[in-house]
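Residue strings, one per chain:
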Amino acid sequence: MSSTIKVLAIGDIVGEPGREILKEKLPGFLEKQRIDFCVANAENSAGGSGVTPQIMEELISYGVNALTSGDHIWKRKEIVPVIAKDARLLRPANYPPQSAGHGHYLYDDAKGRKIGVINLQGRVFMPPIDSPFDAVDRAIKELSDKTKIIIIDFHAEATSEKIALGWHLDGKVSFIFGTHTHIQTADEGVLPNGTAYITDIGMTGPYDSILGRKKEKVLSAFLTGMPTHFDVAEDDVRIGGAIVSIDSSTGRAKAIERIMVYDNKS
């Protein structure tokens, strides 16, 4: 029997400000929007770089069902033994197979519906890594006999690489969203064969900043060329993301909507 599954994807959580707005706003937002599944990118959630076991559990307690990551996933070494055994926190599927952790996850919701999540990392202007195109084809093959609902976080720098993956997978997955650049794009839509797509869903953190970091520190680095520590900013905190409605029987997306939730404190 066909039903609609509503999925919320949350952009890169930046430090304590990003975690705090989720604590305050996410449970009520999930209920109000009748969200069935929530996925969030957590690779910047610990002080702006990496994630710890405690923060992982904290984010799950707010209503996040799966956590994705990217090139900063290994910044906190204490996460390695956790990610090795707990597939709720993913590392990109195109890391070498010898890497700790899992590149995809199968979630069972309260109604017994299965939702697959795949995490990928780009190669253009990013650290060397295996092909995301080859990796995603393998992951889809493994998940597709278990569910028609497959969601992908493509953590990548280049818009061309993200868009290319969208066209490569149109009709093969339900929803592809980009992360990493922290800037929400305005190109959301449902591709011809039923895959919802957006190049980047933005960040969850302080927007009075440069990509979540204090402006003066980043400006200093640009102006002087000297290394400096990029402290997490504090003001104008928002949740960036997107909501997608998916037909559970076909896995095809019906609609996609960008969202931006404000903290209402400014």
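For the structure, check the block above.
A brief structural summary. In this text, all values refer to a predicted model and were calculated from it rather than measured experimentally.

The next subject is the pairing of strand β1 (residues 4-10). With respect to burial, β1 is a largely interior element, five of its seven residues being buried. Sheet analysis places β1 next to strand β12 (residues 237-247), joined by seven bridges and oriented antiparallel. Within β12, the position partnered with I5 by the bridge is I246. Strand direction decides the pairing type here: β1 and strand β3 (residues 37-41), joined by four bridges, are parallel. Among the inter-strand pairings, L8 is bridged to a residue of β3, identified as C38.

With that settled, consider the layout of surface pockets. Of the pockets and cavities examined, the largest pocket occupies roughly 460 Å³. Surrounding the largest pocket, 19 residues form its lining, H72, H182, L211, R213 and F230 being those nearest its centre. Class assignment of the residues belonging to the lining of the largest pocket gives a composition of seven nonpolar, seven polar and five charged. If you add up the space inside the second largest pocket, you get close to 220 Å³. Considering the residues around the second largest pocket, the lining is formed by 14 residues, among which A93, H104, A135, R138 and A139 are closest to the centre. If you tally residues by element for the lining of the second largest pocket, the top one is helix α4 (residues 132-143), at four residues. Here the residues of the lining of the second largest pocket sort into five nonpolar, five polar and four charged.

Thresholds applied
- Just so you know, the residues in each chain are numbered from 1, in the order the chain's sequence is written.
- Per-residue local features of the predicted model are confined to residues with pLDDT of at least 70, and side-chain atom pairs are confined, for both listing and counting, to 80 or more; whole-chain, interface and lining totals are unaffected and use all residues.
- Only hydrogens and water are removed before side-chain values are computed, so all heavy atoms of the structure are retained for them.
- Remark: exposure states derive from per-residue accessible area (1.4 Å probe, protein chains only) relative to the maximum for the residue type, with buried under 20%, exposed over 50%, and partly exposed in between.
- Put simply, DSSP H or I for four residues or longer makes a helix, DSSP E for two residues or longer makes a strand, and each gets a number counted from the N terminus.
- Following DSSP output, two strands are said to pair if at least two bridges run between them.
- Lining residues are those with an atom within 4 Å of a point, where the points come from a 1 Å grid over the protein atoms alone and group into cavities, where a 1.4 Å probe fits but cannot get out, or pockets, open sets with protein on both sides within 12 Å along at least five of seven lines.
- Grid points are joined across faces, edges and corners, and a volume is the space filled by probe spheres set on the points.
- Throughout, the ten residues Ala, Val, Leu, Ile, Met, Phe, Trp, Tyr, Cys and Pro are labelled nonpolar, Asp, Glu, Lys and Arg are labelled charged, and all others, Gly among them, are labelled polar.

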